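Close look at the chain arrangement
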Amino acid sequence: MWLNTRGARGARLAALACGWFAAWLITPAALAATQDCRAVTPETCAVAHGLRRGVNLGNMLEAPREGDWGVRAERALVELAASNFQTVRVPVRWSNHAAPTADATIDEGFARRVDEVIDALLRRGVYVIVNVHHYTQLVGGGRHNREFSVEPDVVDTRFVNLWRQVALRYQNRSPKLIFELLNEPNGRLDGEPWNKLAAQALTVVRQTNPTRSVMIGPSYWNNVRDLPLLRLPADRNLVMSFHSYEPDDFTHQGITWRPRPMPTGIACCDARQKQGIARVFETAAQWNRATGVPAHLGEFGAHSAGDMAARVTWARTVRDEAEQRGIGWAWWELASDFSGVWSPPARDWVEPLRRALLD
Ligand code: BGC
């Protein structure tokens, strides 16, 4: 992995300075591009367009326990994210910090930990997306190490009750806090089951947060392929969230958590691959024009086993596809081993990736 060798102090100062400039240096093309907002309120339209450049605090609060996956939502990382991006997505595994019963009473110590992170970010004035991430039983997936399971008949009710509590807890926070109902619904939730469950969760959210912007994405891991199946509830404060790891054999090369091995040495981006990437954004943009609901790219990233030059080309290509359509994005992820743009051991940016995302 390419890393530069400036000292930690210099790097921190440079990081803060870059962030300050990044907030102002938005390219004219990105500023000009807007999405169709006719089905949402002016407030949610402004949120969707304000999201611009973002990053995921990945592998932190959505690990089975914070720290299990090698990184924590440390104060310095939270500050780094807030000072260099306009949006920070905070994936949270609430389900593993809640009662195994239908009420899913959330552990107060864990909730306070999430409060700390969210409030630190909101104080810095960035948009914050908080979600339910990796409730693996909800989608019928295999349990992660140190993740507990619950009785099958309480799985869905727990999801709704998690939202009842999260929504109540954050009801008085700034409108810059956005709720995203579920990361990557898939498996047993594909299609209609997700539409039904999302509507139930939104109903409890609306009891305490009548106008907060809420993100709901298509099933099949938030893939635009499933947009034709997505039926959004009648609500004027929604944003559609999608993910893109296209082409998958490039972005997921060398990962070990799938049943089949993912070969390495896959290059990017030839004309065919670029077409595939563009098609994702064209599909999202067409859906936006058809529905009047704005879209957001909640995750994109290319695994560190790939060639750095190719990952840089890929990151820049995806970013440009999004920005030229006025679609905000969030890189997966800040400081872990999938495709961290910051290296904790070096205490510095992974500079080629930082440039591809922010220059
Ligand atoms: C998952 C991560 C994974 C990433 C890329 C995310 O939604 O939470 O664990 O590394 O997608 O596959």
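Residues numbered from 1 in each chain as written. Predicted model: local features only at pLDDT ≥ 70, side-chain atom pairs only at ≥ 80, totals over all residues. Heavy atoms only, no water.

What follows covers the overall build of the chain. Across its full length, the chain carries 13 helices and 10 strands. For 359 residues, the compact-globule formula gives about 21 Å, and the C-alpha radius of gyration of the chain, at 19 Å, lands near that figure. Referenced to the eigenvectors of the C-alpha coordinate spread, the extents of the chain come out at roughly 50 × 45 × 40 Å. Looking at the chain as a whole, 58% of its 359 residues qualify as buried. Looking at the chain alone, contacts between residues at least 24 apart form 76% of all its contacts between residues at least 6 apart. If you average the places of the 42 positive and of the 38 negative side-chain charges in the chain, the two averages end up 4 Å apart. (Helix = DSSP H or I, 4+ residues; strand = E, 2+ residues; numbered from the N terminus. Rg over C-alpha atoms; globule rule 2.2 N^0.38 Å. Buried < 20%, exposed > 50% of the residue type's maximum accessible area, 1.4 Å probe, protein only. Contact = heavy atoms within 4.5 Å. Lys, Arg positive; Asp, Glu negative; His and termini not counted. Charge placed at Lys NZ, Arg CZ, Asp CG, Glu CD.)

Here we take up the confidence of the model for the chain. Here the chain averages 93 in pLDDT, while 91% of its residues score no lower than 70. Low pLDDT, under 50, characterises residues 1-24; the predicted model gives this stretch 36 contacts beyond four residues in sequence or across chains. (pLDDT = per-residue confidence, 0-100.)

It is worth spelling out the site of the ligand at this point. The ligand sits among His133, His134, Asn183, Glu184, Tyr245, His252, Trp257, Glu299, Trp332 and Phe338. His133 has a polar side-chain atom sitting 2.7 Å from an oxygen atom of the ligand. One of the side-chain nitrogen or oxygen atoms of Trp332 is found 3.4 Å away from an oxygen atom of the ligand. Compared with its free state, where it exposes 310 Å², the ligand has 88% of that area covered by protein. Of the residues that constitute the shell around the ligand, the class distribution is four nonpolar, four polar and two charged. (Near = heavy atom within 4 Å. Polar contact = N/O pair within 3.5 Å; in protein donor to acceptor, adjacent residues only side chain to side chain. Areas by Shrake-Rupley, 256 points an atom, 1.4 Å probe, with all protein chains shown as cover. Nonpolar A, V, L, I, M, F, W, Y, C, P; charged D, E, K, R; others polar.)

Ranked by internal contacts, the top residues of the largest apolar core, which has 96 residues, are Trp94 and Phe159. Considering each element in turn, this core owes the most residues, eight residues, to helix H5 (residues 108-123). When neighbours within four sequence positions are excluded, Phe159 is seen to be in contact with Val132, Tyr135, Leu138, Leu181, Leu182, Trp194, Leu197 and Ala201. In this structure, Val47, Tyr127, Ile129 and Val239 belong to the second largest nonpolar core, which totals eight residues. (Core = buried A, V, L, I, M, F, W, Y, C linked by side-chain atoms within 4.5 Å.)

Let us look at the sheet that holds strand E1 (residues 53-56). Within a sheet, adjacent strands bond to each other through the backbone by hydrogen bonds, running parallel or antiparallel. Strand order in this closed barrel of eight strands is E1-E2-E3-E4-E5-E6-E7-E8, and the pairing throughout is parallel. Strand-to-strand twist of the sheet, defined as the mean angle between neighbouring strand axes without regard to direction, takes the value 25°. With three bridges connecting them, strand E7 (residues 295-300) and strand E8 (residues 328-331) associate as parallel partners. Paired with Leu297 across the two strands is Trp329, which belongs to E8. (Pairing = 2+ DSSP bridges. Axes fitted to C-alpha atoms, helices over the stretch in contact; angles between N-to-C directions.)

With that settled, the discussion passes to the state of the cysteines. Tallied over the full model, the rule gives two disulfides. Paired by a disulfide, Cys37 and Cys45 hold their sulfur atoms 2.2 Å apart. A torsion of 85° about the S-S bond marks the disulfide between Cys37 and Cys45 as right-handed. You'll find Cys37 and Cys45 in the same group, each marked buried. With a sulfur-sulfur separation of 2.3 Å, Cys268 is cross-linked through a disulfide to Cys269. (Disulfide = S-S within 2.5 Å.)

Here the structure, examined in full by the defined rule, presents 13 aromatic pairs. These aromatic residues form a ring-pair network of at least three members: Phe250, Phe300, Trp314, Trp329 and Trp331. A cation sits over an aromatic face here: Arg225 above Tyr220, 3.5 Å from the ring centre. (Phe/Tyr/Trp six-rings, centres within 6.5 Å; stacked < 30°, edge-to-face > 60°. Lys NZ or Arg CZ within 6 Å of the ring centre and 35° of its normal.)

Relative to the helices and strands, Glu62 resides in the loop between E1 and helix H4 (75-84). Here the side chain of Glu62 touches Met60 through a polar contact of 3.0 Å, landing on its backbone nitrogen. If we skip the residues at most four places from it in the chain, Glu62 touches Leu57, Trp69, Pro91, Val92, Arg93, His133, His134 and Trp332.

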